[in-house]
Amino acid sequence: MDSSLHNHTSPQDVWYVLIGIPGLEDLHTWISIPICSMYIVAVVGNIFLIFLIVTERSLHEPMYLFLSMLALADILLSTATAPKMLAIFWFHSTDISFGSCVAQMFFIHFIFVAESAILLAMAFDRYVAICYPLRYTTVLTSSVIGKIGIAALVRSFFICCPFIFLVYRLLYCGKNIIPHSYCEHMGIARLACDNINVNIIYGLTVALLSTGMDIVFIIMSYTKILHTVFQIPSWAARLKALNTCGSHICVILLFYTPAFFSFFAHRFGGITIPRHIHILVANLYVVVPPMLNPIIYGVKTKQIQDRVVLLFSSMNTCC
């Protein structure tokens, strides 16, 4: 048996070093500028979107209530990662305790799984609105929307809680450098001098059975939506129906594409994908979608455009 197993340390005694983007340390200051800018835009844009939806009664519809949930999740995801990332880039504040690292890991995965469920709920909303328009208001009531939101949080909590126990059960032998800008499950697990097969299997199972199934149901929803849309005789009506789905499809692609790239690169792409590319994509993933989501919905959704114009017009009148 490896003697290092006899020299393991208690997880509570471990302090980790987050090195940022390995291989690009000299560029950290320059990389921080767009990341900081995108983080500010993400937070301000999503707060403004939530404010608009909450204060405008005409936007108290299922589509916009789900959008407000998505905006809140985007704020939490970017805030759970970007401040520490920027502290590393600007102040070389690389140290993080094991407890803080695990807490950050939990919140990142928790918000990701919850946001995936919200995107599925938004796909269901479009499915009911287009395929069963006469039943839309009776199916998606305020009570149902609230229950969907609670179910997304409960599901995410029970899926992500085991990650905490899986990293606490491992033996650690002194390795404490994480080649990343924030803590995530496999990044912590790979520092253990213990068998991490259970961590790998559970991570893959969660990805396939929770987020993977969300994607399957989203694809099924949009398959039925497209089938219904192309049966509409009027081209104008078809385009209007497709336009209501366009922003959601953009958001889905922005959310899942870099997330799964990062997920599979961390597990299987260690040789073929340069580490700095993987980490850079992972860093951009937590700020780019949250930044673009309110912009996409603002550009593609006429009701939001009208309310923004009305709000600013009233502000100019008051001034």
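In this convention, every chain numbers its residues from 1, walking through the sequence in written order. Since the coordinates come from a predicted model, pLDDT governs what is reported: local features require at least 70, and pairs of side-chain atoms require 80 or more to be given and counted, while whole-chain, interface and lining totals use all residues. The side-chain numbers reported here are obtained from all heavy atoms of the structure, hydrogens and water having been left aside.

- The chain is annotated in an unreviewed UniProt entry as Olfactory receptor of Sciurus vulgaris.
- UniProt positions are given in the numbering used here, feature names are shortened, and annotations may be inferred rather than shown by experiment. In the Sequence similarities (unreviewed entry) part of its UniProt record, the chain is described as follows: "Belongs to the G-protein coupled receptor 1 family."
- As stated in UniProt under Function (unreviewed entry), the record for the chain gives "Odorant receptor."

1. Examining the sheet that holds strand β1 (residues 15–18)
Strand pairs in the sheet, formed through backbone hydrogen bonds, run parallel or antiparallel to each other.
Logical step 1: For two strands to count as paired, DSSP must find a minimum of two bridges between them. Helix and strand assignments follow DSSP, with helices taken as H or I runs no shorter than four residues and strands as E runs no shorter than two, numbered in order from the N terminus. Read from one edge to the other, the open sheet built from three strands follows the order β2-β1-β3, with strand pairing classed as mixed. Pairing within the sheet leaves two strands with one partner each, and these edge strands are β2 (95–97) and β3 (177–178).
Logical step 2: Note that β1 and β3 share two bridges and pair parallel. Note that in β3 the partner of Val17 across the bridge is Ile177.
Logical step 3: The contact definition used throughout considers only heavy atoms, calling two residues in contact when any of these lie within 4.5 Å. Convention adopted: a line fitted to C-alpha atoms gives each axis, helices being fitted over their contacting stretch, and angles between N-to-C directions are expressed from 0 to 180 degrees. Set on the sheet, helix α3 (residues 98–131) makes contact with β1, β2 and β3; between it and β2 the angle comes to about 85°.

2. Observations concerning the pairing of β1
Logical step 1: Type-normalised accessible area, obtained with a 1.4 Å probe on protein chains alone, sets the label of each residue: buried when under 20%, exposed when over 50%, and partly exposed for intermediate values. Side chains Tyr16 and Leu18 project from β1 onto a buried face, and the interleaved Trp15 and Val17 project onto a face without burial.
Logical step 2: Bridge count for β1 against β2 is three bridges, and the pairing is antiparallel. Opposite Tyr16, over in β2, you have Ile96 as the bridge partner.

3. Thoughts on the packing of helix α1 (residues 28–55) against helix α2 (residues 62–91)
Two packed helices can be described by the angle between their axes and the distance between those axes.
Logical step 1: At a minimum axis distance of 9 Å, the contact between α1 and α2 shows a crossing angle of 155°. The orientation of α1 with respect to α2, classified from their angle, is roughly antiparallel. The element α1 and its partner α2 pack so that their crossing is left-handed.
Logical step 2: Ten residues, namely Ala, Val, Leu, Ile, Met, Phe, Trp, Tyr, Cys and Pro, are considered nonpolar, four, namely Asp, Glu, Lys and Arg, are considered charged, and the remaining ones, Gly among them, are considered polar. Classifying every residue of the contact of α1 with α2 gives 20 nonpolar, seven polar and one charged. When an angle is under 35 degrees it counts as roughly parallel; over 145 it counts as roughly antiparallel; between 65 and 115 it counts as roughly perpendicular; any other value is oblique. Each crossing gets its hand from how the near helix is turned against the far one by less than a right angle, where anticlockwise is left-handed and clockwise is right-handed.

4. A word on the UniProt feature "transmembrane region" (unreviewed entry) in the chain
Logical step 1: The sites that UniProt annotates as "transmembrane region" (unreviewed entry) are residues 31–54, 66–91, 103–124, 144–168, 200–220, 241–265 and 277–297.
Logical step 2: The distance separating the terminal C-alpha atoms of residues 66–91 is 37 Å; by composition the span is 100% helix and 0% strand.
Logical step 3: Helix and strand shares over residues 200–220 are 100% and 0% respectively, and the end C-alpha atoms of the span are 28 Å apart.

5. Observations regarding the packing of aromatic side chains
Logical step 1: Within 6.5 Å between ring centres, the rings of Phe, Tyr and Trp (the latter by its six-membered ring) count as paired, and their orientation is classed by plane angle as stacked under 30 degrees, edge-to-face over 60, tilted in between. Under the definition given, this model contains 16 aromatic pairs.
Logical step 2: Measuring from centroid to centroid gives 5.0 Å for Phe98 and Tyr168, while their planes differ by 85°, and the two rings are edge-to-face. Residue Phe98 is located in helix α3, and its partner Tyr168 is located in helix α5 (residues 142–168); the two are separated by 70 residues in the primary sequence.
Logical step 3: What makes Tyr168 partly exposed here is its relative accessible area of 34%.
Logical step 4: Through a chain of ring-to-ring contacts, three or more aromatic side chains come together here, namely Phe106, Phe107, Phe110, Phe157 and Phe158.
Logical step 5: Across from the ring centre of Trp235, 4.6 Å away, lies the NZ or CZ of Arg238, which sits over that ring. In this scheme, the term charge over a ring applies when either NZ of a lysine or CZ of an arginine sits within 6 Å of the ring centre and within 35 degrees of the ring normal.

6. With respect to empty space enclosed by the protein
Logical step 1: Only protein atoms enter the 1 Å grid, on which a cavity is a set of points fitting a 1.4 Å probe that cannot get out and a pocket is an open set with protein on both sides within 12 Å along at least 5 of 7 lines, lining residues being those with an atom within 4 Å of a point. Grid points are joined across faces, edges and corners, and a volume is the space filled by probe spheres set on the points. With the rule as written, the count across this model stands at two cavities of 30 Å³ or more.
Logical step 2: Residue lining of the largest cavity: 23 residues in total, with His109, Phe112, Glu184, Ala259 and Phe263 positioned closest to the centre.
Logical step 3: Residue assignment for the lining of the largest cavity shows that the elements contributing at least two residues are α3, α7 (197–229), α8 (235–268) and α9 (275–285).
Logical step 4: When grouped by side-chain class, the residues that make up the lining of the largest cavity number 12 nonpolar, nine polar and two charged.
Logical step 5: Its volume calculated, the second largest cavity comes out at about 40 Å³.
Logical step 6: Contributing to the lining of the second largest cavity are Met63, Met122, Asp125, Arg126, Thr244, Ser247, His248 and Tyr297.
Logical step 7: Among the secondary structure elements, those contributing two or more residues to the lining of the second largest cavity are α3 and α8.
Logical step 8: The residue inventory of the lining of the second largest cavity, partitioned by class, reads three nonpolar, three polar and two charged.

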